[in-house]
Amino acid sequence: MGFVAVTLALVMNELSRFTQGFKAVSPAQLTQLINRENALVVDVSAQGDFEKGHIVGSKQVGFSQFDPENKLLASVKDLPVAVVCRNGMQSSQAAKRLVKAGFTKVYQLGGGIGAWQGAELPLAKGR
């Protein structure tokens, strides 16, 4: 019975990933998106967390002020947009909002900045 429950939970999790409208990417995949497709990286962390360390070239838009129709985002609706946060939780919610607003190429850094640091990739400090 336990095996069936775990299997069912895994299947449901995989199905929800396909229907969410955005793709979770690894740090290596995000690096490729930035380098090959000039993806806009939007960090939805709080300003203080952003200043402690963020992906080079990312733009900070705090989750509480996140609006898919703001001028920074509205001009890139058809371009790749990658959303990041500290741990991947808020960025997932922000990515859903972008998809709902009609963005066509939305990505989310799985594991957030923690995963980026775990992959030993550089962070910028300050604004």
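In what follows, the structure referred to is the one given above.
The text that follows walks through the structure, step by step, so that each part is easy to find.

Reading the values: rules and limits
Residues numbered from 1 in each chain as written. Predicted model: local features only at pLDDT ≥ 70, side-chain atom pairs only at ≥ 80, totals over all residues. Heavy atoms only, no water. Salt bridge = Lys/Arg side-chain N within 4 Å of Asp/Glu carboxyl O. Helix = DSSP H or I, 4+ residues; strand = E, 2+ residues; numbered from the N terminus. Buried < 20%, exposed > 50% of the residue type's maximum accessible area, 1.4 Å probe, protein only. Pairing = 2+ DSSP bridges. Right-handed = clockwise from strand over helix to strand, strands pointing away. Core = buried A, V, L, I, M, F, W, Y, C linked by side-chain atoms within 4.5 Å. Contact = heavy atoms within 4.5 Å.

### A word on the pattern of salt bridges
Then step 1. All chains considered together, the criterion is met by three salt bridges.
Then step 2. Between D49 and K52 there is a salt bridge, with its nearest N and O atoms 4.0 Å apart. Here D49 pairs with K52, and both are found in helix α3 (residues 47-52), just three residues apart, close to one helical turn.
Then step 3. The class of K52 is exposed, set by a relative accessible area of 59%.

### Let's talk about the pairing of strand β5 (residues 106-109)
Then step 1. With burial as the criterion, each face of β5 is covered, one bearing V106 and Q108 and the other bearing Y107 and L109.
Then step 2. Note: strand β1 (residues 23-25) against β5, three bridges, orientation parallel. Residue pairing across strands places K23 opposite Y107, the latter belonging to β5.
Then step 3. With three bridges connecting them, strand β4 (residues 81-84) and β5 associate as parallel partners. Counterpart to V83 in the pairing with β5 is Q108.
Then step 4. As for the winding sense of the linkage, the β-α-β connection from β4 through helix α5 (residues 89-100) to β5 is right-handed.

### Description of the nonpolar core
Then step 1. In terms of nonpolar packing, the biggest core is built from 16 residues, with V42, V44, F66, L73, V81, L98 and F103 touching the most fellow members.
Then step 2. At the level of secondary structure, the elements contributing two or more residues to this core comprise β2 (40-43), β4 and α5.
Then step 3. The element best represented in this core is α5, accounting for three residues.
Then step 4. Look past the residues within four positions of F103 in its chain and what remains in contact with it is P68, L73, V76, K77, V81 and L98.
Then step 5. One finds L30, A39, I55 and A82 within the second-largest nonpolar core, a separate group that totals twelve residues.

In short, geometric facts, not functional conclusions.
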